[in-house]
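Structural overview
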Amino acid sequence: RTIMVMVIDGKVSEAAVLAEKLIGLGDNFQLAHMILVVRAIKNNQLDSAENYLGAMSNGGVATVIKPLVRAWMLAGQGRTDDALIALSTLDDNKGAMTIGMLHKALINELNGRFIAAEAAYRQTIPDLKTFSLRQVEMLGALLVRAGKSAEARSLYDDYLERYPGSQLLGPSIKQLEPGSEPRSIVTTPAEGIAEAIFGIANSLRLSANRDSSLAFSNMALHLRSEFPINRMLLGDLYEAEGQLEKANGVYAGI
């Protein structure tokens, strides 16, 4: 319980110390393993991360997070095809198909496979009425980098038609300006893992599992501090808990 409280409060490093003790006592608390995976990745200790990930019990959120993290670790070793195979375990999981396909797209994009990346992104948006902000940001960033700025503009316009007055696409639209240097949403495997953890946090929020959502959002922020959309999620979660000072602190980091 102390580990859970610490990570919800953003004290991921302190929680990792207790997580190591708990696992040493033979406990198989999934979150403890996940915290240690995050710490190992942040410290670039990939062998340790793989060991903690492998020792994590299956079932629950591990069914989704384990293939995602493993895929990015393989991608970091230059094993792109193996990474995509690791993600294929999510193809038959109705609740995880979209996040699995998004990460196939990100891994393809990171390795310069723009055609495969675009095809994967578009599979996650079968209906333009249902796409999320993050899907628009991801596909738009790829289109701009692939020299398809007009298509990116059309995608952004569709989103703004659904959400008139929204300021959330500002940074993406700015990349359409002449002289800008468009970048991918994810530029390193560690950022990819942070993106995966954020995706889990967002899914848990939608299922009204606020404590677990807070825990995963804090882990994503620990791994990637420059992560505006995750800060928005985390600040919103703290605000819903009535922790307004903490929420403001998170928002101020954007």
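Above this text sits the structure in question.
Summary of the structure given here.

The rules we used
- Residues numbered from 1 in each chain as written.
- Predicted model: local features only at pLDDT ≥ 70, side-chain atom pairs only at ≥ 80, totals over all residues.
- Heavy atoms only, no water.
- Helix = DSSP H or I, 4+ residues; strand = E, 2+ residues; numbered from the N terminus.
- Contact = heavy atoms within 4.5 Å.
- Core = buried A, V, L, I, M, F, W, Y, C linked by side-chain atoms within 4.5 Å.
- Buried < 20%, exposed > 50% of the residue type's maximum accessible area, 1.4 Å probe, protein only.
- Phe/Tyr/Trp six-rings, centres within 6.5 Å; stacked < 30°, edge-to-face > 60°.
- Salt bridge = Lys/Arg side-chain N within 4 Å of Asp/Glu carboxyl O.
- Expected span 1.5 Å × (residues − 1).
- Axes fitted to C-alpha atoms, helices over the stretch in contact; angles between N-to-C directions.
- Parallel < 35°, antiparallel > 145°, perpendicular 65-115°, else oblique.
- Nonpolar A, V, L, I, M, F, W, Y, C, P; charged D, E, K, R; others polar.

**What to know about unusual backbone geometry**
We note that N44 has phi near 60°; this positive angle belongs to a residue other than glycine. Relative to the helices and strands, N44 is located in the loop between α3 (30–42) and α4 (46–55).

**Some thoughts on the environment of L87**
In this structure, L87 sits in helix α6 (residues 80–87). Along the primary structure L87 and R153 are separated by 66 residues, whereas in three dimensions their C-alpha atoms are 30 Å apart. Residues contacting L87, with those up to four places away along its chain left out, are P67, L68, A71, G100, H103, K104 and I107.

**Considerations on the nonpolar core**
Counting residues in hydrophobic clusters, the biggest one holds 86 residues, and the most contacted among them are M34, I35, V69, Y121, I197, F216 and M219. The element contributing the most residues to this core is helix α5 (residues 62–76), with 10 residues. Excluding anything up to four places from it in sequence, V69 contacts M34, V37, I41, L53 and I193.

**A closer look at the packing of aromatic side chains**
Counted according to the given criterion, the structure contains two aromatic pairs. Pairing Y159 with Y163 gives two aromatic rings, centres 4.8 Å apart and planes at 40°, and the pair type is tilted. Taking relative accessible area as the criterion, Y163 reaches 37% and is therefore assigned partly exposed. Taken together, a centroid distance of 5.5 Å and an interplanar angle of 55° make the contact between F198 and F227 tilted. In this pair, F198 sits in helix α12 (residues 189–206) while F227 sits in the loop between α13 (210–223) and α14 (228–240), placing the two residues 29 residues apart along the sequence.

**Focus: the pattern of salt bridges**
Evaluated as defined, the whole model comprises 17 salt bridges. Between E241 and R210 there is a salt bridge, with its nearest N and O atoms 3.1 Å apart. You can see E241 sitting in the loop between α14 and α15 (244–251) and its partner R210 sitting in helix α13, a full 31 residues away along the chain. Assessed through its relative accessible area of 36%, E241 is described here as partly exposed. Taken together, the shared-partner salt bridges connect E118, R122, K148 and E151 into one network.

**A few points about the side chain of E191**
Position of E191 relative to the elements: it lies in helix α12. Under the relative-accessibility criterion, E191 is labelled buried at 16%. With sequence-adjacent residues up to four places away left out, E191 is seen in contact with R183, I185, V186 and R224.

**Comments concerning α14**
An α-helical turn contains 3.6 residues, so any two residues separated by three or four positions project in the same direction. Taking 1.5 Å of rise per residue, the 13 residues of α14 would be expected to cover 18 Å, and the 18 Å separating its terminal C-alpha atoms lies within 8% of that figure. When α14 is considered as a whole, its buried residues turn out to be I229, N230, R231, L233, L234, G235, L237 and Y238. Positive phi shows up at G242, right after α14, with a value of about 80°.

**Re the packing of α5 against α6**
Viewed as axis vectors pointing N to C, α5 and α6 meet at an angle of 175°, and their least axial separation amounts to 8 Å. If you check the angle between α5 and α6, you find them roughly antiparallel. In this structure, α5 contributes P67, L68, A71, L74 and A75 to the contact, and α6 contributes D82, A83, A86 and L87. Classifying every residue of the contact of α5 with α6 gives eight nonpolar, no polar and one charged.

**Some words on α5**
For α5, built from 15 residues, the straight-helix expectation of 21 Å at 1.5 Å per residue is met to within 8% by its first-to-last C-alpha distance of 21 Å. Buried residues dominate α5, accounting for 12 of its 15 residues. Every buried residue of α5 is accounted for by A62, V64, I65, K66, P67, L68, V69, A71, W72, M73, L74 and A75. In this structure, the buried residues of α5 make contact with α3, α4, α6, α7 (97–110) and α12. Remark: G78 follows α5 within two positions and exhibits a positive phi of approximately 80°.

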